[in-house]
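# Analysis of the macromolecular model
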Amino acid sequence: MERNKELIDSLLKLQELLDTEPDTVDAIPAFTQYIRSFLRIKPTGRTLPTIEIMTLIKRRKPNLFYLLKRHSKDDMMIMLTYLDMDYEQAQIKIERILQGEVIA
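Small disclaimer: the values here were computed from a predicted structure and weren't measured.

Let's shift gears to the side chain of S72. Within the secondary structure, S72 is located in the loop between α4 (62–71) and α5 (75–80). Residue S72 is classed as buried on the basis of its relative accessible area of 19%. A distance of 3.2 Å separates the side chain of S72 from the backbone nitrogen of D74, its partner in a polar contact.

Below, the structure is given as structure tokens:
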């Protein structure tokens, strides 16, 4: 678990942002900064759960997600807004990572 502490800390930060930031344009800088820092993580023995975090943001902050998709000038951010999966499966995978399970 220690080897992926950075990933776990980042996922906990996402939960905090989802719980505290408004679903408005005002939250764009916080989420953009979060996503950029998340993408820099190099987890050991797994891939980043990028689709999962984008799915959580899309479901929990739909207005913010729409604004990111429509108004981003960054190709990477635009591409990320097209990632999607089943919300419940995304939640389960994030929870399993937070519990220290090794998931590829």
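So, next bit.
Scanning the entire structure with this criterion turns up 5 salt bridges. One salt bridge connects D19 with R60, and the closest N-O pair in it is separated by 2.7 Å. Linking D19 in helix α1 (residues 5–20) with R60 in helix α3 (residues 50–60), this pair joins segments that are 41 residues apart in sequence. For D19, a relative accessible area of 56% gives the class exposed. Judged by its relative accessible area of 35%, R60 is partly exposed. A salt bridge links D74 to R36; the shortest N-O distance between them is 2.8 Å. Residue D74 is located in the loop between α4 and α5, and its partner R36 is located in helix α2 (residues 28–39); the two are separated by 38 residues in the primary sequence.

What counts, and where the lines are drawn
Per chain, residues are indexed from 1 in the order of the written sequence. The model is predicted, so local features are restricted to residues of pLDDT at least 70 and side-chain atom pairs to those at 80 or more, both for listing and for counting; the totals for chains, interfaces and linings are taken over all residues. Excluded from the side-chain calculation are hydrogens and water; included are all heavy atoms of the structure. Strands are runs of DSSP state E lasting at least 2 residues, helices are runs of H or I lasting at least 4, and numbering of each runs from the N terminus. Remark: exposure states derive from per-residue accessible area (1.4 Å probe, protein chains only) relative to the maximum for the residue type, with buried under 20%, exposed over 50%, and partly exposed in between. Counted as a polar contact is a pair of N or O atoms within 3.5 Å, where, for protein atoms, one must be capable of donating a hydrogen and the other of accepting one, and residues adjacent in sequence contribute only when both atoms are in side chains. Think of a salt bridge as a Lys or Arg side-chain nitrogen and an Asp or Glu carboxyl oxygen that are within 4 Å of each other.

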